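Take a look at the letters that make up each chain.
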Amino acid sequence: MTPFERPPIGMNLGRTAKLVAQAFDAALVEAGGTLPVWLTLLSVKSSELANQRELAGMIGIQGATLTHHLNAMEAQGLLTRRRDPVNRRVHLVELTEAGEALFERLRQAALAFDKRLRTGLPDERLAEFAQVLAALRDNVVS
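Residues numbered from 1 in each chain as written. Predicted model: local features only at pLDDT ≥ 70, side-chain atom pairs only at ≥ 80, totals over all residues. Heavy atoms only, no water.

*Asks:* Break down the packing of aromatic side chains for me, citing the residues and quoting the values.
*Replies:* Evaluation of the coordinates by the stated rule reveals 2 aromatic pairs. Taking the centre distance of 5.2 Å and the plane angle of 45 degrees together, the rings of phenylalanine 24 and phenylalanine 113 count as tilted. Of this pair, phenylalanine 24 sits in helix 1 (residues 9-30) while phenylalanine 113 sits in helix 5 (residues 97-118); the two residues are 89 residues apart in sequence, bridging distant segments of the chain. Judged by relative accessible area, which is 8%, phenylalanine 113 ranks as buried. The interplanar angle of 20 degrees and the centroid separation of 5.5 Å between the aromatic rings of tryptophan 38 and phenylalanine 103 together place this pair among those described as stacked. Of the two residues, tryptophan 38 sits in helix 2 (residues 35-46) while phenylalanine 103 sits in helix 5, which places them 65 residues apart along the sequence. (Phe/Tyr/Trp six-rings, centres within 6.5 Å; stacked < 30°, edge-to-face > 60°. Helix = DSSP H or I, 4+ residues; strand = E, 2+ residues; numbered from the N terminus. Buried < 20%, exposed > 50% of the residue type's maximum accessible area, 1.4 Å probe, protein only.)

Shown next as structure tokens:
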């Protein structure tokens, strides 16, 4: 016997989110990356000459954590950092050719994963699902 009439939404959502996140991580690893690398490449690619503070905000991590990821990615030849000529305290981040190539592989993996998630779900249900997720977010922050 369960203490609930039906499973709590948060519990169901949390379990599902964890399962989906693990599957997405596995898809990125299979393509040669990780979620932090993908988010960093995506953020750099989405903004021209992004600085480290802006990147950390886009990814949703602390500056020190981002620095750790950037150091590793720079050592792998995926990106370069240079000082902003206008403000020497700021580092600008750009992708290298190897970074561009990895970005494309991970982008293809992300698109394939998204297609897999959408399998059997018509656009109307996906639109309704997006509305439900928005309502849940609103209920949490209200």
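Alright, that's what it looks like, and here's the rest.
*Asks:* Which residues make up the packing of helix 2 against helix 3 (residues 52-59), and what are the values?
*Replies:* Across the interface, helix 2 lies against helix 3 with an axial gap of 10 Å and an inter-helix angle of 120 degrees. Between helix 2 and helix 3, the angle is such that the two are oblique. The hand of the helix 2/helix 3 crossing is right-handed. Every residue of helix 3 that contacts helix 2 at Leu39, Thr40, Ser43 and Val44 is listed here: Leu55, Met58 and Ile59. In terms of residue class, the contact of helix 2 with helix 3 is made up of 5 nonpolar, 2 polar and no charged. (Axes fitted to C-alpha atoms, helices over the stretch in contact; angles between N-to-C directions. Parallel < 35°, antiparallel > 145°, perpendicular 65-115°, else oblique. Left-handed = near helix turned anticlockwise from the far one by under 90°. Contact = heavy atoms within 4.5 Å. Nonpolar A, V, L, I, M, F, W, Y, C, P; charged D, E, K, R; others polar.)

*Asks:* Residues and numbers for the nonpolar core, please.
*Replies:* Of all hydrophobic cores here, the largest spans 24 residues; its most connected members are Trp38, Leu41 and Leu106. For this core, the leading source of residues is helix 5, giving 6 residues. Not counting residues within four places of it along the chain, the set of residues in contact with leucine 41 comprises Met73, Leu95, Gly99, Leu102, Phe103 and Leu106. (Core = buried A, V, L, I, M, F, W, Y, C linked by side-chain atoms within 4.5 Å.)

*Asks:* Talk me through helix 5; I want residue IDs and the actual numbers.
*Replies:* Note on helix geometry: an α-helix contains 3.6 residues per turn, so any two residues three or four positions apart are oriented the same way. Here helix 5 is 22 residues long and its end C-alpha atoms lie 32 Å apart, about the 32 Å a rise of 1.5 Å per residue gives. Of the residues making up helix 5, those classed as buried are Gly99, Leu102, Phe103, Leu106, Ala109, Ala110 and Phe113. Buried residues of helix 5, viewed axially, fall in a sector of 135 degrees; they line one side. Across from the buried face of helix 5, at angles greater than 90 degrees, the exposed residues are Glu97 and Lys115. At its buried positions, helix 5 is contacted by helix 1, helix 2 and strand 3 (91-95). Glycine 120 sits one or two positions beyond helix 5 and adopts a positive phi of about 80 degrees. (Expected span 1.5 Å × (residues − 1). Arc of directions from axis to C-beta.)

Interpretation in functional terms is not warranted from these geometric data alone.
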